[in-house]
Amino acid sequence: LGCGGGALALALRPLAPRVSGCDISARGIALARINARLNGLTDTSAPEFLPGDLYAPFDNERFTRIVCQPPFIPEAGAAATFASGGPLGDAITLRVLHGLANHLTPNGRAVLCVEWAGGEAHPWRQRVLDALAHHPMHGIHCELFRTPME
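In what follows, the accompanying structure is described.

Thresholds, definitions, all that
Residues numbered from 1 in each chain as written. Predicted model: local features only at pLDDT ≥ 70, side-chain atom pairs only at ≥ 80, totals over all residues. Heavy atoms only, no water. Axes fitted to C-alpha atoms, helices over the stretch in contact; angles between N-to-C directions. Helix = DSSP H or I, 4+ residues; strand = E, 2+ residues; numbered from the N terminus. Left-handed = near helix turned anticlockwise from the far one by under 90°. Contact = heavy atoms within 4.5 Å. Nonpolar A, V, L, I, M, F, W, Y, C, P; charged D, E, K, R; others polar. Core = buried A, V, L, I, M, F, W, Y, C linked by side-chain atoms within 4.5 Å. Buried < 20%, exposed > 50% of the residue type's maximum accessible area, 1.4 Å probe, protein only. Salt bridge = Lys/Arg side-chain N within 4 Å of Asp/Glu carboxyl O.

On to the packing of helix H3 (residues 91–103) against helix H4 (residues 124–133). Axis separation between H3 and H4 bottoms out at 8 Å; the angle between their running directions is 35°. Judged by the sense of rotation from one axis to the other, the crossing of H3 with H4 is right-handed. Here Leu 94, Leu 97, His 98 and Leu 100 of H3 come into contact with H4, specifically with Arg 127, Val 128, Ala 131 and Leu 132. Considering only residue class, the contact of H3 with H4 consists of 6 nonpolar, 1 polar and 1 charged.

A few words on the nonpolar core. Counting residues in each nonpolar core, the largest one holds 19 residues, and the members touching the most others are Leu 1, Tyr 55, Ile 66, Val 96, Leu 97 and Leu 100. Elements represented by at least two residues in this core include exactly strand S3 (63–68), H3 and H4. It is H3 that provides the largest number of residues to this core, a total of 5 residues. Counting 9 residues, the second-largest nonpolar core is a separate cluster that includes Cys 3, Ala 9, Ile 29 and Ala 36.

Before going further, it helps to examine the pattern of salt bridges. As enumerated under the stated definition, the model contains 3 salt bridges in all. Glu 48 serves as the salt-bridge partner of Arg 18, at 2.7 Å between the closest nitrogen and oxygen. Of this pair, Arg 18 sits in the loop between helix H1 (7–12) and strand S1 (20–23) while Glu 48 sits in strand S2 (residues 48–51), placing them 30 residues apart in sequence. For Arg 18, a relative accessible area of 42% puts it in the partly exposed group. Across the pair Arg 18 and Glu 61 runs a salt bridge, and its minimum N-O distance is 2.7 Å. One end of the pair, Arg 18, is in the loop between H1 and S1; the other, Glu 61, is in the loop between S2 and S3, with 43 residues separating them in the sequence. Several salt bridges share partner residues, and in doing so they unite Arg 18, Glu 48 and Glu 61 into one network.

It is worth spelling out the side chain of Asp 90 at this point. Summarising the element assignment, Asp 90 is placed in the loop between S3 and H3. A relative accessible area of 4% places Asp 90 in the buried class. Discounting chain neighbours no more than four positions away, the residues touching Asp 90 are Gly 85, Trp 116 and Arg 127.

Okay, here's the thing in structure tokens:
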């Protein structure tokens, strides 16, 4: 989700029969497709890259793996919309978490690489738990690691 230039999708392609990437940015999708060609992948061997906002291109599809490194910069502004994570930097991350239950297969896994700001006024661990609490996800395993921002 939010594939940008497609680096993660290209790295994962040899590991799965189907890999899809999506991005809200038409430029990101174009770069991902060019990146696939530059890496010697053909239309039949490359990941599919679809335009759209997070889960939108996938309707009611379910996946065994969902991978995302969402934008995390608080209010990055119009000049850097690809980096903007909303007021606290976690708006896209929370949207990804909210959609997991509807898009993961049973025993599916999601891997999100996030940077969480907000400090003590907005405890990140509680925000993750709140985002997942409203969905019937059985057997979820969530490993949370945090490197303090300097």
